[in-house]
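Structure at a glance
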Amino acid sequence: MSRLASDRHRSEPVGVAVVGAGYWGPNLVRNLLAYEGCELRWVCDLSIERALRAAGRYTTIRATDSLETVLADPRVEAVAVATPPATHTAVVLECLGAGKHVLVEKPLACSVADGERLVAMAARSGLVLMLDHTYCYTPAVRRLRELVMSGTLGKIQYVDSVRINLGLVQPDTDVFWDLAPHDLSILDFVLDGSCWPTAVAAHGADPISAGRPCIGYLTLPLTGGAIAHIHVNWLSPTKIRTTVVGGSRRTVVWDDLCPSQRLSVYDRGVELAEPDADAATRQALTVSYRVGDMVAPALPETEALQHVVMEFVASIREGRLPLTDGAAGVRVLRILEAAAHSLRERGAAIPLDLTPVGTGNGVARLVAV
Ligand SMILES: NC(=O)c1ccc[n+]([C@@H]2O[C@H](COP(=O)([O-])OP(=O)(O)OC[C@H]3O[C@@H](n4cnc5c(N)ncnc54)[C@H](O)[C@@H]3O)[C@@H](O)[C@H]2O)c1
């Protein structure tokens, strides 16, 4: 159990601060305020105006532009970091160094080496380091993971993920590092070690001369002969957020923009008449088509960030790894870094060495080493 978790009465609210109050930080502020398991004490931003705006006018939450001041508050046990990715390593190291648990936005860092430093530091200190892999906490993705883990889908054959709309062309990052962490973290969470990417090939385009890819495609062969494909795009006039997970028994289509039917589970697919026949015989066999029902599971409409906050507080209280732990963040970074390598090599497939283990399973204990 972590030092901080053991020191304090488990039912007390966890004292929290938010660092970074730009676009995303205020969403963390709102969800931390709404959860009785924590007490939001500070909002910190280099711009004091933004910190004040995010804290609100009628509030006891203090606003500051000094991270040092936040970390000096002994009642702050945990910090949620929503600063730009290039600042994550320095800010998170400072928070962990001050003995605070950390929830950090995606991506964990800008390189695998930096991500590993953060994971090692948290492990040494027995502190929680959790990734805000927001989509993993949506009811749809949690159900998708259950469907994969329970074997309902059968053997995974393919994953196809599309995340495109008119997005902000970011000044300091390309579309892969901006959007693909969502799809890669979903892939990591949903497959949870049942199969995993063995390589990545990346293709990108910059038709508006922004100086970085604005359209990107990732192809990831998976163990067991399966394949995953991810399409991210800042330039599409229409918004599409769809993921298809095809299995030997069922296929799930997740349409995040369709609240009345986010998940559709199809009992439809293609089968070889005699799957155990040898290769020569199989060539001569005809395939058969299975046309069964489609079921749309009922899902609660809850905000993913509320579950992120609850998991963060629960992992602190219970002294355990969170579901989306630092190791999950590093696996995403490994793919992003290999994808950048592939882009430099004109789309060559770059082998990946991903440890075939799932994300934090919500059970493993935190032990200071
Ligand atoms: N989980 C999600 O769905 C999601 C969505 C959007 C953004 N994000 C992530 O959130 C993070 C922030 O993105 P954003 O779009 O809000 O960026 P932003 O630029 O709008 O806001 C960042 C804020 O951090 C402040 N800041 C920078 N360095 C700081 C420091 N050292 N100390 C205190 N404040 C500092 C800036 O002044 C700014 O107000 C990024 O990691 C991004 O990838 C996550």
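What you are looking at is a predicted structure, and each value in this text was computed from that prediction instead of being measured. Every chain begins its residue count from 1, and numbering advances along the sequence as written. It should be noted that, the model being predicted, local features are given only for residues of pLDDT at least 70 and side-chain atom pairs only at 80 or more, the latter also being counted only at that level, while totals for whole chains, interfaces and linings use all residues. Side-chain descriptors were evaluated using all non-hydrogen atoms of the structure, hydrogens and water having been removed beforehand.

1. What to know about the overall build of the chain
If you tally the helices and strands in the chain, you get 11 helices and 15 strands. In the chain, buried positions account for 52% of the 369 residues. Within the structure as shown, the chain displays about 16700 Å² of accessible surface, and the carbon and sulfur contribution to it stands at 55%. A run of H or I in DSSP counts as a helix once it spans at least four residues, and a run of E counts as a strand once it spans at least two, with each numbered from the N terminus. For every residue, the accessible area (1.4 Å probe, protein chains only) is compared with the maximum for its type, and the residue is labelled buried under 20%, exposed over 50%, or partly exposed between those bounds. Where accessible areas are quoted, they stem from the Shrake-Rupley method and a 1.4 Å probe; at the residue level, only the protein chains shown are allowed to cover.

2. So, the pattern of salt bridges
The rule for a salt bridge is simple: a side-chain nitrogen of Lys or Arg has to be within 4 Å of a carboxyl oxygen of Asp or Glu. With the rule as written, the count across this model stands at 17 salt bridges. The residue R262 makes a salt bridge to D256 at a minimum N-O spacing of 3.5 Å. Per residue, the accessibility class of R262 equals that of D256, and both read buried. The closest approach of N and O atoms between E318 and R320, which form a salt bridge, is 2.7 Å. For R320, a relative accessible area of 6% gives the class buried. Salt bridges here are not isolated pairs; linked through shared partners, they connect E39, R41, R62, D73 and R75.

3. A short note on the packing of helix α7 (residues 139-149) against helix α8 (residues 175-191)
Between N-to-C directions, angles cover 0 to 180 degrees, with each direction set by a line fitted to C-alpha atoms, over the stretch in contact for helices. Remark: α7 packs on α8, axes separated minimally by 8 Å, with the N-to-C direction vectors making an angle of 40°. Overall, the two elements α7 and α8 adopt an arrangement that is oblique. Here α7 contributes V141, L144, R145, V148 and M149 to the contact with α8, which in turn contributes I186, F189, V190 and L191. Here the nonpolar group is Ala, Val, Leu, Ile, Met, Phe, Trp, Tyr, Cys and Pro; Asp, Glu, Lys and Arg are the charged ones; every other residue, Gly included, is treated as polar. Its residues assigned to classes, the contact of α7 with α8 shows 8 nonpolar, no polar and 1 charged. Note on terminology: angles under 35 degrees are roughly parallel, angles over 145 are roughly antiparallel, angles of 65 to 115 are roughly perpendicular, and the others are oblique. We call two residues in contact whenever any of their non-hydrogen atoms come within 4.5 Å of each other.

4. So, the packing of α8 against helix α11 (residues 326-344)
Packing of α8 against α11 brings their axes to within 9 Å, and their N-to-C directions diverge by 130°. In terms of axis orientation, α8 runs oblique to α11. Seen from above, α8 lies across α11 with right-handed handedness. When α8 is examined against α11, the residues F176, W177, A180, P181, L184, S185 and D188 are found in contact with a partner set consisting of A328, R331, V332, L333, I335, L336, E337 and L343. Split into classes, the residues belonging to the contact of α8 with α11 amount to 11 nonpolar, 1 polar and 3 charged. Helix crossings are classified by the rotation of the near helix relative to the far one: an anticlockwise turn of less than a right angle makes the crossing left-handed, while a clockwise turn makes it right-handed.

5. What about the environment of V313?
Within the element layout of this structure, V313 appears in helix α10 (residues 304-318). Classification of V313 by relative accessible area gives buried; the value is 2%. Sequence spacing of V313 and V16 is 297 residues, and the spatial spacing of their C-alpha atoms is 9.6 Å.

6. Structural notes on the side chain of T64
Summarising the element assignment, T64 is placed in strand β3 (residues 62-64). At a separation of 2.9 Å, a polar atom in the side chain of T64 contacts the main-chain amide nitrogen of S66. Once residues lying within four places of it in the same chain are set aside, the contact partners of T64 are W42, V43, C44, D45, I48, A51, T69 and V70. By the criterion applied in these results, polar contacts are pairs of N or O atoms within 3.5 Å in which, for protein atoms, one can donate a hydrogen and the other can accept it, and in which residues neighboring in sequence qualify only through two side-chain atoms.

7. Considerations on the sheet that holds strand β4 (residues 78-81)
In this scheme, strands are said to pair when DSSP sees at least two bridges between them. Across the sheet, 6 strands lie side by side as β3-β2-β1-β4-β5-β6; this open sheet has parallel pairing. In this open sheet, the two strands that pair with only one neighbour each are β3 and β6 (129-132). Averaged over all neighbouring strand pairs, the angle between strand axes comes to 25°, with direction disregarded. Two strands pair when backbone bridges link them, and strand β1 (residues 14-19) and strand β2 (residues 38-44) are joined in this way by 6 bridges, in the parallel orientation. Counted as the bridge partner of V19 is C44 from β2.

8. Focus: the confidence of the model for the chain
Per-residue confidence from the predictor is reported as pLDDT, which spans 0 to 100. Looking at the chain, pLDDT values average 91 and 90% of them are 70 or higher. In the predicted structure, residues 1-6 sits below a pLDDT of 50 and forms 19 contacts with residues beyond four places in sequence or in another chain.

9. A short note on the pairing of strand β8 (residues 199-205)
Across 2 bridges, the pairing between β8 and strand β15 (residues 350-351) is antiparallel. Paired with V200 across the bridge in β15 is I350.

10. Re the site of the ligand
Nearness is defined per residue: one heavy atom within 4 Å of the molecule or strand is enough. Taken together, 21 residues lie near the ligand, and W24, D45, R50, K106 and T134 sit nearest. Between W24 and the ligand, the recorded distance is 2.8 Å, taken from a backbone N or O atom to an oxygen atom. At 3.4 Å from an oxygen atom of the ligand is found a main-chain nitrogen or oxygen belonging to T83. Burial of the ligand by the surrounding chains reaches 79%, relative to a free accessible area of 860 Å². The element best represented in the shell around the ligand is helix α5 (residues 85-97), accounting for 4 residues. Each residue belonging to the shell around the ligand can be placed in one class, and the counts come to 9 nonpolar, 7 polar and 5 charged.

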